[in-house]
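Results of the structural survey
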Amino acid sequence: MSVSSGASRTGGGPALPGDPPGGRRAMAVWGLGVSIYFVAITYRTSLGVAGLDAADRFDVGASALSTFSILQLLVYAGMQIPVGLLVDRLGTRKVLVMGIVLYTTGQLGFALSHSYGMALASRALLGCGDAMTFISVLRLGARWFPARRGPLIAQTAALFGMAGNLISTLVLAQLLHRFGWTPTFAGSALGGVLVLVLALLFLRDHPEGYEPPPAAHADKGFVRRQIAAAWREPGTRLGMWVHFTTQFPAMVFLLLWGMPFLVQAQGLDRAVASELLTLIVLSNMAVGLVYGQIIARHHAARAPLALGTVAATALLWGGVLAWPGEHAPRLVLIALCVVLGACGPASMIGFDFARPANPPERLGTASGIVNMGGFTASMMTLLAVGLLLDATGDDYRIAFSSVFVLQALGLSQILRLWGRAHRRERERVVASRVEAVHVPV
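Model, not experiment: these values are computed from the prediction. (Residues numbered from 1 in each chain as written. Predicted model: local features only at pLDDT ≥ 70, side-chain atom pairs only at ≥ 80, totals over all residues. Heavy atoms only, no water.)

Broken down by element type, the protein chain carries 19 helices and zero strands. Relative to the compact-globule value of 22 Å for 441 residues, the protein chain shows a C-alpha radius of gyration of 21 Å, a close match. Of all 441 residues assigned to the protein chain, the portion counted as buried reaches 58%. Long-range pairs, those at least 24 residues apart, make up 84% of the contacts in the protein chain with a sequence separation of at least 6. As displayed, the protein chain has an accessible area near 17,500 Å², and 67% of this comes from carbon and sulfur atoms. Measuring between centres, the 34 positive side-chain charges of the protein chain sit 9 Å from its 22 negative side-chain charges. (Helix = DSSP H or I, 4+ residues; strand = E, 2+ residues; numbered from the N terminus. Rg over C-alpha atoms; globule rule 2.2 N^0.38 Å. Buried < 20%, exposed > 50% of the residue type's maximum accessible area, 1.4 Å probe, protein only. Contact = heavy atoms within 4.5 Å. Areas by Shrake-Rupley, 256 points an atom, 1.4 Å probe, with all protein chains shown as cover. Lys, Arg positive; Asp, Glu negative; His and termini not counted. Charge placed at Lys NZ, Arg CZ, Asp CG, Glu CD.)

Here you go:
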């Protein structure tokens, strides 16, 4: 094992020999990767501001409408481990190019859809391409920047990616109202064409002279061993459950049910509802910077930040749903949206548990396992909310109470795995320090 491998496992400390240099070129290449993720987020969340329009266009109810996002997330979650394996085997450039082609085709197909079936197929294709972006961007950052920058780079990638929500809530919503369905969604597909050209011209997997070791021979048992080895690490499983528990409340709100809830259940007009959805995104970006800085300096803050976010989300969500009277006060809704903005940065902490638990050649697979968590929870909640709304005659209080069930499940698993993962990580840090002392440079 090399010294650089030990550095990457510790996830912090001073740069060691073999660490990527960072610098301006790293920022440019990584920025291109983040731009690809930005476009994917814009496409992923575009249905969030078009949910009511989609219900009218395809003449469907709440449960059928939720199927759009459920299928998209089902494909996304199901692709995480295969994508992680592809990133480990093929590198980030090839996987990102495939992702761009798929999500752009899906967005264009959605623009031209006139039937419910064609629209579903388009969202599934979009989900498949979207699934290839974030893990690739994480790997790109790990290949171009020193390991100690890992938490901040990951949070910053998520921050700029989440800015794609601003395009959805501020730009696409206005364009949809002004120009209609097909011109708006077809025009947005041009963003995918642009980043595809840039990726083909400028994207590189790693700096010159920092090539990763050759991939192991992919025999029949390689995939099984790779997945099993990543899953055996308590840090990988802890990361998955952190991602599961923290991400889904905001994802469900932004992806589909936030606009209907604010308009139909809380009596707000669309303009005000769009402003509150925008507030979630702005809060996400601000909190992401803070969380990234804190974790980069104090690794022990990971669990308190994650658990604190879960507690605050449950408290505000419960307060809104249990508020006496028909509508919660505007200030309470604002507080809920601010707290929901912390869910995305808190979910990124899951990757900070998995990163030091796995060697670089297995990081894509481990990241895929972690990333499955939140999207699986989001898919389950989207389905539960849609079914409960249909069953209760659009009673949002009952439907959104399903959030607490998944939070309780995830919290129990986090508490179960935390001690084991912490002990294992300390053992690895000690081993890496001993190795750094005794292995000649």
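With that settled, the discussion passes to empty space enclosed by the protein. A complete count under the given rule lists three cavities of 30 Å³ or more for this structure. Of the voids in this model, the largest cavity is the one considered here, and its volume is about 280 Å³. The set of elements that each furnish at least two residues to the lining of the largest cavity consists of α2 (24-45), α8 (150-162), α12 (234-265), α13 (270-297), α16 (343-354) and α17 (363-392). Here the element with the most residues in the lining of the largest cavity is α16; it accounts for six residues. The residue makeup of the lining of the largest cavity, split by class, is 17 nonpolar, nine polar and one charged. Of the pockets and cavities examined, the second largest cavity occupies roughly 40 Å³. G235, F353, P356, A357, A421, R424, E425 and R428 together form the lining of the second largest cavity. (1 Å grid on protein atoms, 1.4 Å probe; cavity = no way out; pocket = protein on both sides within 12 Å on 5 of 7 lines; lining within 4 Å. Points joined across faces, edges and corners; volume = space filled by probe spheres on them. Nonpolar A, V, L, I, M, F, W, Y, C, P; charged D, E, K, R; others polar.)

Right, let's talk about the side chain of S347 for a bit. With respect to the helices and strands, S347 occurs in helix α16. Exposure remark for S347: the relative accessible area of 3% places this residue in the buried category. If sequence neighbours within four positions are ignored, S347 has contacts with H243, T246 and Q247.

By the element assignment, V83 lies in helix α4 (residues 62-90). A sequence separation of 12 residues divides V83 from V95, and the C-alpha atoms of the two residues are 7.8 Å apart. With near-sequence residues (within four places) excluded, V83 lies in contact with V95, A131, M132 and I135.

Moving on, we get to the environment of L190. By the secondary structure assignment, L190 is in helix α10 (residues 181-202). Distance in space between the C-alpha atoms of L190 and V39 is 10.0 Å, their sequence separation being 151 residues.

We now examine unusual backbone geometry. In the Ramachandran plot, D59 falls in the positive-phi region, its phi being about 55° despite a non-glycine side chain. Inspection of the secondary structure puts D59 in the loop between α3 (51-58) and α4. The class of D59 is exposed, set by a relative accessible area of 70%. The backbone of D394 shows a phi angle near 65°, a positive value even though the residue is not glycine. Secondary-structure assignment places D394 in the loop between α17 and α18 (396-400).

What follows concerns the nonpolar core. General note: in soluble globular proteins, nonpolar side chains tend to be found buried as a group. One finds Y103, F253, W257, F261 and L262 to be the most contacted residues of the largest nonpolar core, which totals 135 residues. Sort the elements by how many residues they give to this core and α12 lands first, with 18 residues. With residues near it in sequence (within four places) discarded, F261 still touches F253, Q266, V320, L321, Y396 and F400. (Core = buried A, V, L, I, M, F, W, Y, C linked by side-chain atoms within 4.5 Å.)

Any aromatic ring pair is given by two values, namely how distant the centres are and how the planes are angled relative to each other. With the rule as written, the count across this model stands at 20 aromatic pairs. The interplanar angle of 35° and the centroid separation of 4.0 Å between the aromatic rings of Y76 and F375 together place this pair among those described as tilted. Residue Y76 is found in helix α4, and its partner F375 is found in helix α17; the two are separated by 299 residues along the sequence. The buried category is assigned to F375, whose relative accessible area is 2%. Seen from their ring centres, F110 and W181 are 5.1 Å apart, and the 55° between their planes marks the pair as tilted. Here W181 lies in helix α10 and F110 lies in helix α5 (residues 92-112), a separation of 71 residues in the sequence. (Phe/Tyr/Trp six-rings, centres within 6.5 Å; stacked < 30°, edge-to-face > 60°.)

Turning to the confidence of the model for the protein chain, a few remarks are in order. Confidence along the protein chain averages 85 in pLDDT terms, with 90% of residues attaining 70 or more. In this model, residues 432-441 is a region of pLDDT below 50 whose contacts with residues beyond four sequence positions or in other chains number eight contacts. (pLDDT = per-residue confidence, 0-100.)

Along its 21 residues, helix α14 (residues 302-322) runs 30 Å from first to last C-alpha, staying within 8% of the 30 Å computed at 1.5 Å per residue. Among the residues making up α14, those that are buried are R302, A303, L305, A306, T309, V310, T313, L316, W317, V320 and L321. (Expected span 1.5 Å × (residues − 1).)

Further remarks concern a nonpolar patch on the surface. A cluster of nonpolar residues, L190, V193, V197, L201 and F202, forms a patch on the protein surface that exposes about 490 Å² of accessible area. Mapped onto the elements of the fold, V193 is located in helix α10. By relative accessible area, which is 42% here, V193 ends up partly exposed. (Patch = residues over 30% accessible without salt bridge, like charges linked within 9 Å, V, L, I, M, F, W, Y side chains within 5 Å. Salt bridge = Lys/Arg side-chain N within 4 Å of Asp/Glu carboxyl O.)

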